[in-house]
Amino acid sequence: MARIQGTPVSSKSETDLLASIPDGLFIDGTWRPSGNGARLAVHDPATGACLKQIADANVADGRAALNAACAAFPSWATTPARTRAEILRRAFDLVQARADDLALLMTLEMGKPLAEARAEVSYGGEFLRWFSEEASRVTGRYNATPEDSGRMIITQHPVGPCYLITPWNFPLAMATRKIAPALAAGCTVVIKPAELTPLTTLLAAKIFEDAGLPAGVLNVITTSSAGPVSEAIITDPRLRKLSFTGSTPVGKLLLAQAAGGVLRTSMELGGNAPFIVFGDADLDRAVDGAIAAKFRNIGQACTAANRFIIHHDVVDEFTRRVTELVRTFAMGRGTEDHITIGPLIDDRAVQKAADLVSDATDRGASLLVGGTAVDGPGSFFPATVLGDVPADSRILREEIFGPVLAIVPFDDEDDAVRIANATEYGLVSYVYTENLARAQRMIERLETGMLGLNVGVVSNAAAPFGGWKQSGLGREGGFEGIHEYLQEKYTITPNPFSRHISALASCTT
């Protein structure tokens, strides 16, 4: 697979779009420079060129953002749910209106092909629509105690100011997946996008501003000093909620920081997804699902299939088919519609993919296509297929986060389950089989928070996204998503009929 040559670095439309993106911090409804005037450069991973310079927040800026969120919270928490819903719905409509801008911007700063960027706009927008509909559906309950001594009133309340940390790989969807339920629940927000892809979040903030969101409800800080800025916010006693999407090691560090304030936390962490194909599977569907589960977002997704566990009866045919498809992929700058594989996010990602492939082949894996990094400019690594990957290979234990498909044969169902569950992660699994009873057993036996059964893409705004084991805590999306930003209050009152009942009893004596 050769890299596409001659792709232009920029066009007038790209230049105009980048010029329209705010370059400041969004704090208390105002776009402002960082406190010390520092600037952060955002680069195009396909060319290495600087796209734009934006404000680089320091610790004081982070505290200012939290101050604004805390000041806005009492008013926003008591804003009618219908009003909050209407703002979210207007934001959804504005995302649709600016879909082309958002898609192009994500391709420029993250590298994903335009077709995938457009799909992310649709997916990310759905969280705004879904939680606009959920905002007015938060309910409690009222019922008698079992012994009828009183009445229990259970009410739901916004948890308070929230700090949201998003990753670089899905710049819009990861922001809306966190912001939308927080705002729907009545919480205020400070969000810190990844240093590598902050521009999409800045445009999203402008969209919320245009939708009529009150000042201070949403605050955006962009920074190259994520550790100190985040720690200052997380350890502030006024913060009540932390939501993070990223690696498991960083998640553990943030959980330790959050422990001091006993913060509510949502953690969407790493994955090592198995993709199991049984001998009775519909192979056409399995191959299509494999391509989607592996190469979506250039393999840079926590839901990406990591280990392709294929039954001996079909492993040769499966391998042949996926290899033939991968050979047809076009690699290049994602702004061209025909591109299948864009750049990885940076040179470190390229080096990691190369190291994992080298380790596997040194241990005896077969390199069937790809496998060699492409010289710059840009951070490109070709789509790669490895066959007969030995069990002790690093690529079967570590999250790849790149376009490398690693195939492991298996003998029977117990063997497949053992291989699939042999990891500290449990975010998502994929299973292909036409046997209903086997499918039901896989639902029961696989240690995973999500399961794609004969499908290669699991994400949906109406579904609870999250994992088991070291893949995280809590859920995003679905009915469950808004409850991550709510806390319950239990009130007990006397039985309202007790005095009346006593009076009736005295009348009969």
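Calculation criteria
- Residues numbered from 1 in each chain as written.
- Predicted model: local features only at pLDDT ≥ 70, side-chain atom pairs only at ≥ 80, totals over all residues.
- Heavy atoms only, no water.
- Core = buried A, V, L, I, M, F, W, Y, C linked by side-chain atoms within 4.5 Å.
- Buried < 20%, exposed > 50% of the residue type's maximum accessible area, 1.4 Å probe, protein only.
- Contact = heavy atoms within 4.5 Å.
- Helix = DSSP H or I, 4+ residues; strand = E, 2+ residues; numbered from the N terminus.
- Expected span 1.5 Å × (residues − 1).
- Bend = angle between axes of the 7 residues up to and from the residue.
- Polar contact = N/O pair within 3.5 Å; in protein donor to acceptor, adjacent residues only side chain to side chain.
- pLDDT = per-residue confidence, 0-100.
- Pairing = 2+ DSSP bridges.
- 1 Å grid on protein atoms, 1.4 Å probe; cavity = no way out; pocket = protein on both sides within 12 Å on 5 of 7 lines; lining within 4 Å.
- Points joined across faces, edges and corners; volume = space filled by probe spheres on them.
- Salt bridge = Lys/Arg side-chain N within 4 Å of Asp/Glu carboxyl O.

Turning our eyes to something else, we now look at the nonpolar core. Looking at soluble globular proteins, one finds that nonpolar side chains tend to be buried together. Counting 71 residues, the largest nonpolar core has V277, F318 and I395 as its most contacted members. Dropping the residues within four chain positions of it, F318 is found in contact with V277, L283, A286, V287, A290, F308, I310 and I407. Core analysis: the next-biggest nonpolar cluster, separate from the first, contains 66 residues, A85, A182, I191 and V220 among them.

In this section: helix α2 (residues 59-77). With 19 residues, α2 should reach 27 Å at 1.5 Å per residue; the first-to-last C-alpha distance of 26 Å fits that figure. Its axis deflected by about 30 degrees at A71, α2 carries its strongest bend there, up to four residues before the proline P74. Restricting attention to buried positions, one finds in α2 the residues D61, G62, A65, L66, A68, A69, C70, A72, F73 and W76. The N-cap residue of α2 is N58: its side-chain oxygen and the backbone nitrogen of A60 are 3.2 Å apart.

A few words now on the confidence of the model for the protein. When pLDDT drops low, the exact placement of atoms in the prediction is not to be read closely. Taken over all residues, the pLDDT of the protein has a mean of 95, while the share at 70 or more is 95%. Low pLDDT (under 50) marks residues 1-9, which in the prediction has 27 contacts with non-local residues, meaning those over four places away or in another chain.

Let us now look at the pairing of strand β6 (residues 150-158). Side-chain positions along a regular strand alternate between the two faces of the sheet. The sheet contact formed by strand β5 (residues 141-144) and β6 spans four bridges and is antiparallel. When the sheet's bridge partners are listed, Y142 is paired in β6 with I153. Between β5 and β6, which follow one another and run antiparallel, lie five residues, and D148 among them has a positive phi close to 65 degrees. Pairing geometry for β6 and strand β22 (residues 486-494), over nine bridges, is antiparallel. Within β22, the residue paired with Q156 across the bridge is E488.

Let's shift gears to the layout of surface pockets. By volume, the largest pocket is sized at about 1,200 Å³. In this structure, the largest pocket is lined by 49 residues; those nearest its centre are P167, W168, A194, L196 and R348. Those elements that provide at least two residues to the lining of the largest pocket are β3 (39-43), α8 (226-234), β10 (241-245), α9 (248-259) and α12 (347-362). If you tally residues by element for the lining of the largest pocket, the top one is α9, at six residues.

Bringing the pattern of salt bridges into the picture now. Under the counting rule described, the total for this entry stands at 31 salt bridges. A salt bridge links D210 to K206; the nearest nitrogen and oxygen atoms lie 2.7 Å apart. Linking D210 with K206, this pair stays in helix α7 (residues 199-210), spanning four residues, or about one helical turn. With a shortest N-O distance of 3.3 Å, D280 and R438 are connected by a salt bridge. Of the two residues, D280 sits in the loop between β12 (273-277) and α10 (283-295) while R438 sits in helix α14 (residues 436-445), which places them 158 residues apart along the sequence. Of the residues examined, D280 reaches a relative accessible area of 31% and is grouped as partly exposed. What makes R438 buried here is its relative accessible area of 19%. Taken together, the shared-partner salt bridges connect D280, E413, D414, R438, R441 and R445 into one network.

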